[in-house]
Amino acid sequence: MSKFTNKAQMQHLVTVMESNPDIARGFHKGNKEALTRFWQKTETELNSMGPPTKCITEWKKVWADQKKYVRHKAAQNLKQKKGTGGGPNKEQLLSATEEAIYNLIGMKSSVEGVTAKSYGLSNEEATSSLQEEFLDEEFSATELEMSENMPMDISGYKMLNYQVA
């Protein structure tokens, strides 16, 4: 007898977990009897869709293994996205069931990191603000003094000396 979970069972397990996200994430706030009743009901439903048939402990392990597999796959995809290239794309697409698990568990922040809120001007706003200030000052070609003996900066480029009238 095979112990592999069939697609219908996996889809039903995801559907059941979507209706109980606290249990799916492993943070059940209720009492233990309610949690036990939930898993007994889920076991009966999943086993009726079998084979295979499994006990509560085995169904919990199936759910934990699926979460681990999806987390690992998502982390590998992120690693591929952040790579510098130089080879074929090795990103693995998530199936609909895997995508549902990924969204249900809230793994995006644990895999991709927490985005920080930025304050102040964006790069575009800062650049346009500086350009506007620079363009507001009037320069003429005679006011810009350039000489052959201009000092060099650290990078080796000649620095311009200018005076505003």
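Cut-off values and rules
- Residues numbered from 1 in each chain as written.
- Predicted model: local features only at pLDDT ≥ 70, side-chain atom pairs only at ≥ 80, totals over all residues.
- Heavy atoms only, no water.
- Helix = DSSP H or I, 4+ residues; strand = E, 2+ residues; numbered from the N terminus.
- Buried < 20%, exposed > 50% of the residue type's maximum accessible area, 1.4 Å probe, protein only.
- Contact = heavy atoms within 4.5 Å.
- Areas by Shrake-Rupley, 256 points an atom, 1.4 Å probe, with all protein chains shown as cover.
- Expected span 1.5 Å × (residues − 1).
- Phe/Tyr/Trp six-rings, centres within 6.5 Å; stacked < 30°, edge-to-face > 60°.
- Lys NZ or Arg CZ within 6 Å of the ring centre and 35° of its normal.
- Core = buried A, V, L, I, M, F, W, Y, C linked by side-chain atoms within 4.5 Å.
- Salt bridge = Lys/Arg side-chain N within 4 Å of Asp/Glu carboxyl O.
- Axes fitted to C-alpha atoms, helices over the stretch in contact; angles between N-to-C directions.
- Parallel < 35°, antiparallel > 145°, perpendicular 65-115°, else oblique.
- Nonpolar A, V, L, I, M, F, W, Y, C, P; charged D, E, K, R; others polar.
- Left-handed = near helix turned anticlockwise from the far one by under 90°.

Caption draft 1: The overall build of the protein, seen in detail. In terms of regular secondary structure, the protein is built from seven helices and zero strands. Across the 165 residues that make up the protein, the buried fraction comes to 21%. Across the protein, contacts joining residues at least 24 apart in sequence account for 55% of those joining residues at least 6 apart. Accessible area for the protein stands at about 12600 Å²; split by element, carbon and sulfur atoms hold 55% of it.

Caption draft 2: Structural view of helix α3 (residues 32-48). Between the first and last C-alpha of α3 there are 24 Å, a value that for 17 residues agrees with the 24 Å anticipated at 1.5 Å per step. Along its buried surface, α3 packs onto α1 (7-19), α2 (21-25) and α4 (56-82).

Caption draft 3: Expanded view of the packing of aromatic side chains. If you walk through the whole model with that rule in mind, you get one aromatic pair. Residues Phe38 and Trp39 carry aromatic rings whose centres are separated by 5.3 Å and whose planes lie at 75° to one another, so their mutual orientation is edge-to-face. Among the residues examined, Phe38 registers a relative accessible area of 12% and is labelled buried. Looking at Trp39, the relative accessible area reads 7%, which means it is buried. Here the guanidinium or amino end of Lys54 rests over the ring plane of Trp59, the centre of that ring lying 5.2 Å away.

Caption draft 4: Broad picture of the nonpolar core. Counting 20 residues, the largest nonpolar core has Leu13, Met17 and Trp63 as its most contacted members. Not counting chain neighbours up to four residues away, the residues in contact with Trp63 comprise Leu13, Val14, Met17, Ala24, Ile101, Leu104 and Ile105.

Caption draft 5: Quick look at the pattern of salt bridges. For the structure shown, the criterion picks out three salt bridges. A salt bridge links Lys41 to Glu45, with the shortest nitrogen-to-oxygen separation between them at 3.8 Å. A residue pair is termed a helical-turn pair when its members lie 3 or 4 positions apart in one helix, as Lys41 and Glu45 do in helix α3 at four residues. Note that Lys61 and Asp65 form a salt bridge whose closest N and O atoms lie 3.2 Å from each other. One end of the pair, Lys61, and the other, Asp65, are both in helix α4, four residues apart, so they sit about a helical turn from each other.

Caption draft 6: Examining the environment of Glu98 more closely. The residue Glu98 is located in helix α5 (residues 96-105) in this model. Expressed as a C-alpha distance, the spacing of Glu98 and Gln66, which sit 32 residues apart in the sequence, is 8.1 Å. If we skip the residues at most four places from it in the chain, Glu98 touches Tyr69, Val70, Lys73 and Leu93.

Caption draft 7: Looking closely at α5. For α5, the tally of buried residues reaches seven of 10 residues, placing the bulk of the element in the interior. Turning to α5, its buried residues number three or more, namely Thr97, Glu98, Ala100, Ile101, Tyr102, Leu104 and Ile105. Gly106 sits one or two positions beyond α5 and adopts a positive phi of about 75°.

Caption draft 8: Focus on the packing of α4 against α5. α5 packs onto α4 with a crossing angle of 95° between their chain directions and a minimal axis gap of 10 Å. Taken together, the axes of α4 and α5 lie roughly perpendicular to each other. Mapping the contact onto sequence places Trp63, Gln66, Lys67, Tyr69, Val70, Lys73 and Ala74 in α4 and Glu98, Ile101, Tyr102, Leu104 and Ile105 in α5. Per-class residue counts for the contact of α4 with α5 are eight nonpolar, one polar and three charged.

Caption draft 9: Highlighting the side chain of Asn77. Relative to the helices and strands, Asn77 is located in helix α4. Asn77 has contacts with Glu91 and Gln92, leaving out every residue within four places of it along the chain.

Caption draft 10: Structural detail: the packing of α1 against α3. Relative to each other, α1 and α3 sit at 155°, their axes nearing to 10 Å. For the element pair α1 / α3, the angle class is roughly antiparallel. Viewed along their axes, α1 and α3 form a crossing whose handedness is right-handed. Between α1 and α3, the contacting residues are Gln9, His12, Leu13, Val16 and Met17 on the first element and Phe38, Trp39, Thr42, Glu45, Leu46 and Asn47 on the second. Classifying every residue of the contact of α1 with α3 gives six nonpolar, four polar and one charged.

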